[in-house]
Amino acid sequence: MTILAWTWIFVVLTFGIYFTIAWRSRVSNTEEFYVAGKGIPAVANGAAVAADWMSAASFISLAGIVAFSGYDGSVFLMGWTGGYVLLALLLAPYLRKFGKYTVPDFIGDRYSEGARLVAAVAAIFVSFTYVAGQMRGVGIVFSRYLELNITAGVAVGIGVVLFYAVLGGMKGITWVQVAQFTVLIIAYLVPAFAISSAVSGNPIPQISFGGLLGELDALQTELGFAAYTQPFVSRTMLDMTLTTAALMLGTAGLPHVIVRFYTARNVRAARYTAFWALLFIAILYLTAPAIGVFSKTNLINDVSNTPIEALPEWVGDWQDAELITIDDLNGDGAVQYTGDEATNEIVVDRDIMVLANPQIAGLPNWVVGLVAAGGLAAALSTAAGLLIVISSSVAHDFYYKRLRPEATEKQQLLVGRIAMAVAVIVAGYFGINPPGFVAQVVAFAFGLAAASFFPAIVLGIFWKRMNSTGAVSGMVVGLSFTAFYIIMVVFNDMERWFNISPEGMGAVGALLNLLVAVPVALATQPPPTRMQEMIEDIRYPVTPSRSGADNA
Amino acid sequence: MDDQRRADYWRRNLRLMLTLLIIWFVVSFGFSIFLVETLNQFSILGAPLGFWFAQQGSIMTFVVLILVYALMMDRLDDEFGVSERDEQGERL
């Protein structure tokens, strides 16, 4: 059977599963719509967080990013997993005990209504920038594997997400995400096991890839690249440190991740949700660097100094898709792959590392269909998780809390569904017509979350003396500083300070936030006693009674 | 529960949290970034050790840290009688 036929089979099959689950978990009240009735068991919630977190970029691009930056690519591996330690220890249990619907809810209740507004706007902005990228990912997978054009692909994606997100809210999304995680992790691991067996004779990629590093280092040096394991080639030690820190703090501050801890059954389940989530994420994140090494070695061995007519078939396939370009500069009829831009004859897009993997390893056609279904699962699950954040920020934080506090459940639910439908269509539009700055958006989203939400929430939980004035001034300083640097460096070609990349500056923004928030809070009135009692309350899974007799 | 016991619970929680965060910092920023060149003189499973920590060891450590936190907090909650249980005393 052809690749196209297999792809259709896997896509129709997996979509059928998602629709069935969504229909069975449709909801009728706001608690189920926003936080799945707070009744999701920890393992399932963990799988949902993992699917939510791992986007089209993690699934398709991560292995390639690492393959082309070697050691320096570790910032993404550590940054996008290490943040979960901060989430688990500093945020998850306390936010679950607080037990509301959105991230702006905590900021608003803990500090002030003005702070809630700032947080809601930031949450919507961050989520929108992200969701546009996901709809684009859906379009690309459809166009590459199913021979639809991008517009049609995005339209199908909108239809699917609309159906199950609008119908099932957080409850539908969560159970569908559990299925999507299963699909995406199988689709990632099957080719990885196969390629590892083919290259090294050992099917476990994590065990076998180390043995190839010596060969890869030698190959790269011979071709004029830095050795693969050589540290600090594209990033200085300072930039590595700050970027890793910014991605970690940003991960712990992103609203669509934090909100998942409200859906846990109780405080204990929130802690175990963090554990299961990171375990499931680690399966992919520990495999990606191995895939990077295998495919990079294969790529160099297959193409370097190979006559153009003798190149393997997959090279031609991906040249057609414009992900590989070959230009025989010196006219010798063979491909020279070198670290010197003036003589290098082949440019390979990083996404190849996952997309072409089954072909490079000579796997059967059905594996390619499975990988396509996995990419779609990754993109759709992340898009749905972001849409619920946008929807709840609009319907709960703006409509219900600010505009019409007397709104009934039915009205809130209707506004939430309309907000979600509008959001997915707008996101789809940007997916079809991406604004030029999409690639820089990641730096924005993480920098923003790191410099604003993370310090404000952590200080709010761990320091009773923290007050609204301190939190707001810290957020404003952290945000403006980070935004200023990113905009100046990315759009105005400002020279980088100390070689710090735009994505790393969020860590400095977070530090500034802290340095401003603490003295300002100390110089102004302490928060009211009622507030200090609320903070005391969220520190215990079950709040102990005050009476001395009840000393059990 | 009196204020003293509440403070004890909170202090033990903070101590556990700080211990785990120090390990988190040492493995990710220490072993994988600051000391990478020193550790690369040794190897594990064929990979230079510092490189291995940056791409494998740190992630594995993160998973274990969260599991240890969840398990130790279960015990702490039980000791102080603040764990979530139904009327029969079963864990929720």
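Residues numbered from 1 in each chain as written. Chains lettered and ligands numbered in written order. Predicted model: local features only at pLDDT ≥ 70, side-chain atom pairs only at ≥ 80, totals over all residues. Heavy atoms only, no water.

Asks: Would you explain the overall build of chain A in this entry?
Replies: Secondary structure assignment for chain A yields 23 helices and two strands. Expected size for 552 residues packed as a compact globule is a radius of gyration near 24 Å; at 24 Å, chain A falls within 12% of this value. Across its three principal axes, chain A shows a C-alpha extent of roughly 85 × 55 × 50 Å. Taking as baseline every contact in chain A between residues at least 6 positions apart, the subset at least 24 positions apart corresponds to 82%. Element-wise, carbon and sulfur atoms account for 64% of the exposed surface of chain A, whose accessible area totals about 19,000 Å². (Helix = DSSP H or I, 4+ residues; strand = E, 2+ residues; numbered from the N terminus. Rg over C-alpha atoms; globule rule 2.2 N^0.38 Å. Contact = heavy atoms within 4.5 Å. Areas by Shrake-Rupley, 256 points an atom, 1.4 Å probe, with all protein chains shown as cover.)

Asks: How should unusual backbone geometry be read in this particular structure?
Replies: Where the residue is not glycine, phi is negative for most of them; where a peptide bond is considered, it is trans in most cases. Residues and elements named next belong to chain A. If you check the backbone angles, F232 has positive phi at about 60° while not being a glycine. Of note, N499 is a non-glycine position whose phi angle comes to about 60°, a positive value. Counting through the fold element by element, N499 comes out in the loop between α21 (468-492) and α22 (505-523).

Asks: What is the right way to read the interface of chain B and chain A from this model?
Replies: How big an interface is tends to be stated in terms of the accessible area lost upon association of its parts. Listed as interface residues are 50 residues of chain B and, on the opposing side, 59 residues of chain A. Taken together, both faces of the contact between chain B and chain A bury some 5,000 Å²; the carbon and sulfur share is 67%. Applying the counting rule to chain B against chain A returns three salt bridges. Linking chain B with chain A are 15 residue pairs in polar contact (both at pLDDT 80 or more), by the criterion used here. Among the elements of the structure, α1 (3-34), α2 (36-39), β2 (47-48) and α3 (49-79) of chain B are those that each provide at least two residues to the side of chain B that touches chain A. Per-element tally for the side of chain B that touches chain A: the top contributor is α3(B), with 18 residues. Residue classes in the side of chain B that touches chain A are distributed as 31 nonpolar, 10 polar and nine charged. (Buried area = accessible area lost by both parts, 1.4 Å probe. Salt bridge = Lys/Arg side-chain N within 4 Å of Asp/Glu carboxyl O. Polar contact = N/O pair within 3.5 Å; in protein donor to acceptor, adjacent residues only side chain to side chain. Nonpolar A, V, L, I, M, F, W, Y, C, P; charged D, E, K, R; others polar.)

Asks: Can you help me understand empty space enclosed by the protein in this one?
Replies: Over the atoms, a rolling probe the size of a water molecule traces out where space has been left empty. Residue and element names in this part refer to chain A. In the structure shown here, the tally under the stated rule is two cavities of 30 Å³ or more. The space that makes up the largest cavity amounts to roughly 40 Å³. What lines the largest cavity is A187, Y188, P191, A192, I291, V354, N357 and V371. Here the lining of the largest cavity gets four residues from one element, more than from any other, and that element is helix α8 (residues 150-200). (1 Å grid on protein atoms, 1.4 Å probe; cavity = no way out; pocket = protein on both sides within 12 Å on 5 of 7 lines; lining within 4 Å. Points joined across faces, edges and corners; volume = space filled by probe spheres on them.)

Asks: Would you explain helix α6 (residues 103-110) of chain A in this entry?
Replies: Each full turn of the α-helix corresponds to 3.6 residues, which orients residues three or four apart in the same direction. Residue and element names in this part refer to chain A. Burial of α6 is extensive: seven of the eight residues sit out of reach of the surface. Inspection of α6 places V103, P104, D105, F106, I107, G108 and R110 among the buried residues, and these make up the whole buried set. Where α6 starts, the residue carrying a side-chain oxygen 3.0 Å from the main-chain nitrogen of D105 turns out to be T102. (Buried < 20%, exposed > 50% of the residue type's maximum accessible area, 1.4 Å probe, protein only.)

Asks: Honestly, the nonpolar core in this entry has me stumped. Any pointers?
Replies: Within soluble globular proteins, side chains that are nonpolar tend to cluster in buried spots. Residue and element names in this part refer to chain A. Counting residues in each nonpolar core, the largest one holds 228 residues, and the members touching the most others are W53, F59, Y84, L91, Y285 and I457. Of the residues forming this core, the biggest block, 21 residues, is contributed by helix α13 (residues 267-303). Not counting residues up to four positions away in its chain, the partners in contact with W53 are S58, W80, Y84, T251, L254, H256, V257, I281, Y285 and F446. (Core = buried A, V, L, I, M, F, W, Y, C linked by side-chain atoms within 4.5 Å.)

Asks: Whenever I open this one, a nonpolar patch on the surface confuses me. Can you help?
Replies: On the surface, a nonpolar cluster with roughly 500 Å² of combined accessible area is contributed by M237(A), I22(B), F25(B), V26(B), F34(B) and L35(B). At four residues, the largest contribution of residues to the nonpolar patch is made by α1(B). With respect to the element layout, I22(B) can be found in helix α1. (Patch = residues over 30% accessible without salt bridge, like charges linked within 9 Å, V, L, I, M, F, W, Y side chains within 5 Å.)

Asks: Sorry if this is basic, but what is going on with the confidence of the model for chain A here?
Replies: It should be kept in mind that the predicted coordinates are not to be read in detail where pLDDT is low. On average, residues of chain A score 88 in pLDDT, and 97% of them reach the 70 mark or higher. The low-confidence segment residues 548-552 of chain A, where pLDDT is below 50, has eight contacts with residues more than four positions distant or belonging to other chains. (pLDDT = per-residue confidence, 0-100.)

Asks: Explain the packing of helix α7 (residues 113-146) of chain A against helix α18 (residues 409-432) of chain A to me, please; I cannot follow it from the model alone.
Replies: Residues and elements named next belong to chain A. Relative orientation of the contacting elements α7 and α18 amounts to 60°, with a least axis distance of 8 Å. Relative to α18, the element α7 lies oblique. Both α7 and α18 take part in a crossing whose hand is right-handed. Mapping the contact onto sequence places F128, V131, A132, M135 and R136 in α7 and A423, V424, V426, A427, G428, F430, G431 and I432 in α18. (Axes fitted to C-alpha atoms, helices over the stretch in contact; angles between N-to-C directions. Parallel < 35°, antiparallel > 145°, perpendicular 65-115°, else oblique. Left-handed = near helix turned anticlockwise from the far one by under 90°.)

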